[in-house]
Amino acid sequence: MQTEIRSLFDCDVIDSDGQRVGRVGQVYLSDRTGDPEWVTVRTGMFGMKQNFVPLTGSRRSGNELRVPFVKEIIKGAPSIDVDEHLTLEEEAGLYRYYGMQPSTIPSQRKPEGTTGTTTGTTTGTTGTTGTSGTTAGMTGKVTGPAPERRGARGTERDVDMTRSEETMHVGKETREAGHVRLRKYVDSENVQESIPLEHDEVVIEREPISGGQPLEGRELEEDEESITLYEERPVVGKETRPVERVRLHKERVRKDETVQGEVRKERFEVDRDGTTIDEGDERDDRRGR
């Protein structure tokens, strides 16, 4: 029986249409037979709400607990404090809501760890016993995945969730952007330049002689005289001399560049009885309270 009860805590509740309603939160045992009779189903965002579902007509298949009710019926069940035992009136009200008419309402059974016959009226979480009479009152519950005491009030842990988000880190790396080479080569071009040149030319001057006297004793003879003529010619000469010096060096230039990227972050959404509550509204509501 302990194994069977523990296995219920691992089950997902599936309604009659095959839809998942939630996960089993707590198990309530019949105080008359000690068998599981009711379970609570965690519904809503983060499983903050728990609804009672009878196990009558239900069947477990692996990690699924299939119940003969639709999801809307289960989520609309009467609100009952799950941290207390079910009273006769609460249990009868749940049976009426689900359209079930049991012949008798199970009475609270004796919690484990006590001896003798349970008598009188049982009250509170673990129950107190009298000395005579018939047991009356409530159906006990079992909480947690490994129940040690049936009928004892369980401790329900807080629900928490961690929200994460991505941040973008922009770094720098140095890599080669290219090579710069300095080289020289010989190029030829035509150059024109004007220069004044001089040269000698022969000028013939004739001077007539008037009243000339005969030359006595001279015979005609041949004679020849010469003069040297000179001229200037252009002479091309070339010389090599430095005219310019070229240096290459590197300098660091800074510029701003905008980097774009996409980051993801998680956000919370709180569902209260089917109504989505914004985080900011929830904080304002808490401050108001």
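Worth saying up front: this structure is predicted, and the values here are computed from it rather than measured.

Remarks on the overall build of the protein chain
- Along the backbone of the protein chain there are four helices and nine strands.
- Across the 289 residues that make up the protein chain, the buried fraction comes to 25%.
- Once local pairs closer than 6 in sequence are excluded, the contacts in the protein chain between residues at least 24 apart make up 61%.
- When the accessible surface of the protein chain is summed, it comes to about 24,000 Å², and 45% of that surface belongs to carbon and sulfur atoms.

As for the pairing of strand 2 (residues 20–29)
- Of all the ten residues making up strand 2, eight are buried; the element is thus mostly covered by neighbouring parts of the structure.
- Bridging between strand 1 (residues 12–14) and strand 2 involves three bridges; their strand directions are antiparallel. Its bridge partner lying in strand 2, Asp12 is registered against Arg23.
- Linkage of strand 1 to strand 2, two consecutive antiparallel strands, is achieved through a turn of five residues, within which Gly18 is found at a positive phi near 85°.
- Sheet topology places strand 2 next to strand 3 (residues 36–43); five bridges connect them, and they run antiparallel. When the sheet's bridge partners are listed, Val27 is paired in strand 3 with Val39.

Notes on the pattern of salt bridges
- All chains considered together, the criterion is met by six salt bridges.
- Note that Arg20 is salt-bridged to Asp12, the shortest N-O span being 3.2 Å.
- For Glu64, the salt bridge is made with Arg66, and the minimal N-O distance between the two is 2.9 Å.
- By relative accessible area, which is 30% here, Glu64 ends up partly exposed.
- For Arg66, a relative accessible area of 28% puts it in the partly exposed group.

A few points about the packing of aromatic side chains
- Per the stated rule, a full pass over the model turns up four aromatic pairs.
- A centroid spacing of 5.1 Å and a plane angle of 85° characterise the contact between Tyr97 and Tyr98, whose relative ring orientation is edge-to-face.
- Each residue in the set Phe69, Tyr97 and Tyr98 is aromatic and connected to the rest through ring pairs, giving one cluster.

Calculation criteria
- Residues numbered from 1 in each chain as written.
- Predicted model: local features only at pLDDT ≥ 70, side-chain atom pairs only at ≥ 80, totals over all residues.
- Heavy atoms only, no water.
- Helix = DSSP H or I, 4+ residues; strand = E, 2+ residues; numbered from the N terminus.
- Buried < 20%, exposed > 50% of the residue type's maximum accessible area, 1.4 Å probe, protein only.
- Contact = heavy atoms within 4.5 Å.
- Areas by Shrake-Rupley, 256 points an atom, 1.4 Å probe, with all protein chains shown as cover.
- Pairing = 2+ DSSP bridges.
- Salt bridge = Lys/Arg side-chain N within 4 Å of Asp/Glu carboxyl O.
- Phe/Tyr/Trp six-rings, centres within 6.5 Å; stacked < 30°, edge-to-face > 60°.

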